[in-house]
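Okay, here's what each chain looks like letter by letter:
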Amino acid sequence: MTTLDLIRMALRNLWRTRLRSSLTILGVVIGIGALISMVAFGSGMEKNVTDAFTNSGLFSRITVTPMKLDMNRPLESLTDTSGISVALDDDLLDKIKKMPGVSDAFGEIQQPAKVRLGDHETTLTYTGIDPEVGKTKAYQDLLAGTFLTDDTLGQAVISTDLLRRLKIRIDGEDMERAKKKDTANVYTYVHAEDLIGDTLLLSTASFNPMQMMGAMMGNQESNPLSERTSPLVIVGVREVDHDGPASRSGGDLLIPEGYAAGIPSIGFNSITEFLRKGSGGSDKYATIQVTVASPNDLTPVRKELEKMGLNVFALAEQMKDIRRAFLAVNAVLGVVGFIALIVAGLGIINTLLMSILERTREIGIMKAIGGSEGQIKGVFFGEAAVIGLVGAIGGIILGWLVTLAAGAIINMKIKEMGEAPVDLFFFPWWLILGSIGFAIGLSLIAGLYPAARAARIDPVEALRWS
Amino acid sequence: MAFIEIDHIRKIYRKATVTVPAVNDMSFAIEKGEFLAIVGKSGSGKSTLLNLLGGLDTPTTGEIRFDGSNLFAEGKDGLVKHRRHRVGMVFQSFQLIPNQTAAENIELALAFGGVTRAERKSRALELLGQVGLAERADHYPTELSGGEAQRVAIARALANDPDIILADEPTGNLDTQNGDIILNVLQDLHRQGRTIIMITHDPDMARVAQRTIRMQDGQLMDTL
Ligand SMILES: Nc1ncnc2c1ncn2[C@@H]1O[C@H](COP(=O)(O)OP(=O)(O)OP(=O)(O)O)[C@@H](O)[C@H]1O
Ligand SMILES: [Mg+2]
């Protein structure tokens, strides 16, 4: 009696009662189908989120900012600058660039400003950035034009989000609906290409200590703050989704770092910097963006930077929490599928018990002609395993079809709303193999009791049946 | 030492307050190659004794020794081996598996006996040939006459070449003509050197046996 014999016998016996068998298998198919589509949905969500992060290049990125103030500490400690003695300047940037595991680092100047384009204006925080940075993954989201090309010129890369605040929307295929909704004609609709070469006016405030003196002495004409306007040529338009991972404060307006350094400004845009100014250390940059060579370098580099007394943020490390959250979501979705499978398991037990009842005499015969308890168990395990295997394969196909249909319907709605279609479901290999294994395992567990019961049948009693 | 020694064997069924001594302290011996008939009134314990000899049942007390070793000493494994290789059983109601063909019924016994898949088919046909039913190999039990079905059952009993054939009223469901055919087959097997133990109600059938024992109330009444 080989395993092959048992499987052949199982197939035969299942075929004999094909209606009952197929209903039992259908139970497993539905259970596995439910489990698979649920988990595929969870995995799909997780994949969409992680892929968005990975593609943005923010995974190998550490953002360095000056040491944060601890608002819980007593006030006098604010003047204690021992903890925040490192200034974000070129010296530090050089030092970071030379650290092992760091592939690149660049500083960003951030200042508050007012911008005007055409008839509309808004306030924002602009970022002065090295044009070389345009080569990195994080800034590959240009709709039109190029990234900054020259460190000394007044160039600007603007975001669609900034344009929206300036009452301009980028025309596209999905804009027809938006236009119809915009009955008050609030927005101007233009093509992204048409904005290239246009001039954006950047107004910054600067602080003049001499005027400050005058103002304090009662001179009405003296205003310590003066405004200066710099014209910037738009060279590129970025698609920045403010809900997405690429969204970061200061990303709406990028200008060359060298040019930004020449714009007179208040010189600080945060309390931290103000306090740091007083202690002598001077920050040239608001943040330093560090790119590590490989994901494995992330933690050591982060620790090294923290040791230097810097405040460090790495998105990749936040990802652990996101992963954990998805694990919980997948677990909940899995439990729903699992319950469906438990029901399927009960169906298997029921079918096998019924089959044993009908085949009592046959079991007696098998024992009389030399069948052992183990072999008789094997016959019923074989049937359970076949139910599980066929059910699992059917369940995978069903789950796949269900997700295909659901995905198509949902994406139709998404398209109607003017968004890009997404892959909502994802079938990782472990889900496919896992569910086959799980279905067979469950079937065998379901077969445990019926098989034991079959093996225990008294052949003398069984043969008296007729 | 005889081939088979039945030694103070007892099988007592208990249900609530009623105890039925189906086999009640029997002792006798069977020689190798003997054709033994067991007769007795209904309920005298004949089938119970045969099932004990076949290792389908276990006694309340006592031993049955084959070649000197107690059949019940090795537990379930010993009984399975005994059923598989030492005895072949034939029943009044044939006991063929209905959804399997004649050949498949025999092949199942061969499979339990450890015969490889490749050999089973030809061995089954050979066995069917021995009982004159080679051409009925692919027929299902319902497509066979009672006599034919019982010959298939005998072929199956021979599958793993046992020394002993245990037959419980093998002709009980058959007319005289078919009963004679079965009896002839059993006599052939006896001539080949097999030990035959057959229960029967029919005194004519018992006549072909070398020895007949009569049972009453679970006990050995007399030997004819
Ligand atoms: N499981 C059981 N529980 C209780 N009593 C039983 C059981 N099996 C058999 N008996 C009893 O044991 C006795 C012997 O039965 P057995 O079947 O051995 O008789 P038999 O001689 O083969 O009869 P028959 O010629 O009718 O086949 C009977 O009285 C029967 O009722
Ligand atoms: Mg009987």
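Now for a look at the structure at hand. Quantities reported herein were computed from a predicted structural model and do not represent experimental measurements.

**Digging into the overall build of chain B**
A count of helical and extended segments in chain B gives seven helices and 10 strands. Here chain B holds 224 residues, and the buried ones make up 56% of them. Considering only intrachain contacts with a sequence separation of at least 6, the fraction spanning at least 24 residues in chain B is 70%. Summed over all atoms, the accessible surface of chain B reaches about 9600 Å², with 47% contributed by carbon and sulfur.

**Observations regarding the sheet that holds strand β5 (residues 69-70) of chain B**
All names here are of chain B. Within the open sheet, the four strands sit side by side as β2-β1-β4-β5. Their pairing is antiparallel. The strands lining the two open edges of the sheet, one partner per strand, are β2 (18-30) and β5. Contacting β1 (4-15), β2 and β4 (61-66), helix α1 (residues 46-53) crosses the sheet at an angle of about 120° to β1.

**Comments concerning the site of ligand 1**
The environment of ligand 1 is formed by 15 residues, the closest being S42, G43, K46, S47 and T48 of chain B. Residues close to ligand 1 are split across chains A and B. Take S42 of chain B: an N or O atom from its side chain is 2.5 Å from an oxygen atom of ligand 1. One nitrogen or oxygen atom from the main chain of G43 of chain B is found 2.8 Å from an oxygen atom belonging to ligand 1. A total of 640 Å² of accessible area belongs to ligand 1 in isolation, and the protein chains cover 69% of it. At the level of elements, α15 (459-464) of chain A together with β2 and α1 of chain B are the ones that each hand at least two residues to the shell around ligand 1.

**A closer look at helix α10 (residues 298-307) of chain A**
Residues and elements named next belong to chain A. Within α10 the residues assigned to the buried category are L298, V301, R302 and L305. One side of α10 carries all its buried residues, which in axial view fall inside an arc of 100°. Where α10 is buried, its residues meet β1 (61-65), α3 (90-98), β2 (102-117), β11 (287-292), β12 (311-314) and α11 (315-358).

**Describing the environment of R151 of chain B**
Residue and element names in this part refer to chain B. The residue R151 is located in helix α5 (residues 146-157) in this model. Classification of R151 as buried rests on a relative accessible area of 14%. When the C-alpha atoms of R151 and Q130 are compared, they prove to be 9.3 Å apart, with 21 residues separating the residues in sequence. Excluding its chain neighbours within four sequence positions, the residues that come into contact with R151 are V131, G132, L133, I181, I182 and V185.

**Observations concerning the packing of aromatic side chains**
Two aromatic rings, taken as a pair, are described by how far apart their centres are and by the angle between their planes. All names here are of chain A. Summed over the entire model, instances satisfying the criterion amount to two aromatic pairs over all chains. Of note, R18 hangs over the ring of W15, and the distance from its end group to the ring centre comes to 4.6 Å. When the ring centre of F426 is taken as reference, the NZ or CZ atom of K47 above it lies at 5.0 Å.

**Focus: the pairing of strand β7 (residues 164-168) of chain B**
All names here are of chain B. With five of five residues buried, β7 lies mostly within the body of the structure. Burial along β7 is two-sided: the face carrying I164, L166 and D168 and the face carrying I165 and A167 are both buried. Note: strand β6 (residues 87-91) against β7, five bridges, orientation parallel. Counterpart to G88 in the pairing with β7 is I165. By the bridge criterion, five bridges tie β7 to strand β8 (residues 195-199) in an arrangement that is parallel. Paired with D168 across the two strands is I199, which belongs to β8. The β-α-β motif built from β7, the intervening helix α6 (residues 176-191) and the parallel element β8 has right-handed crossover chirality.

Criteria and thresholds
Residues numbered from 1 in each chain as written. Chains lettered and ligands numbered in written order. Predicted model: local features only at pLDDT ≥ 70, side-chain atom pairs only at ≥ 80, totals over all residues. Heavy atoms only, no water. Helix = DSSP H or I, 4+ residues; strand = E, 2+ residues; numbered from the N terminus. Buried < 20%, exposed > 50% of the residue type's maximum accessible area, 1.4 Å probe, protein only. Contact = heavy atoms within 4.5 Å. Areas by Shrake-Rupley, 256 points an atom, 1.4 Å probe, with all protein chains shown as cover. Pairing = 2+ DSSP bridges. Axes fitted to C-alpha atoms, helices over the stretch in contact; angles between N-to-C directions. Near = heavy atom within 4 Å. Polar contact = N/O pair within 3.5 Å; in protein donor to acceptor, adjacent residues only side chain to side chain. Arc of directions from axis to C-beta. Phe/Tyr/Trp six-rings, centres within 6.5 Å; stacked < 30°, edge-to-face > 60°. Lys NZ or Arg CZ within 6 Å of the ring centre and 35° of its normal. Right-handed = clockwise from strand over helix to strand, strands pointing away.

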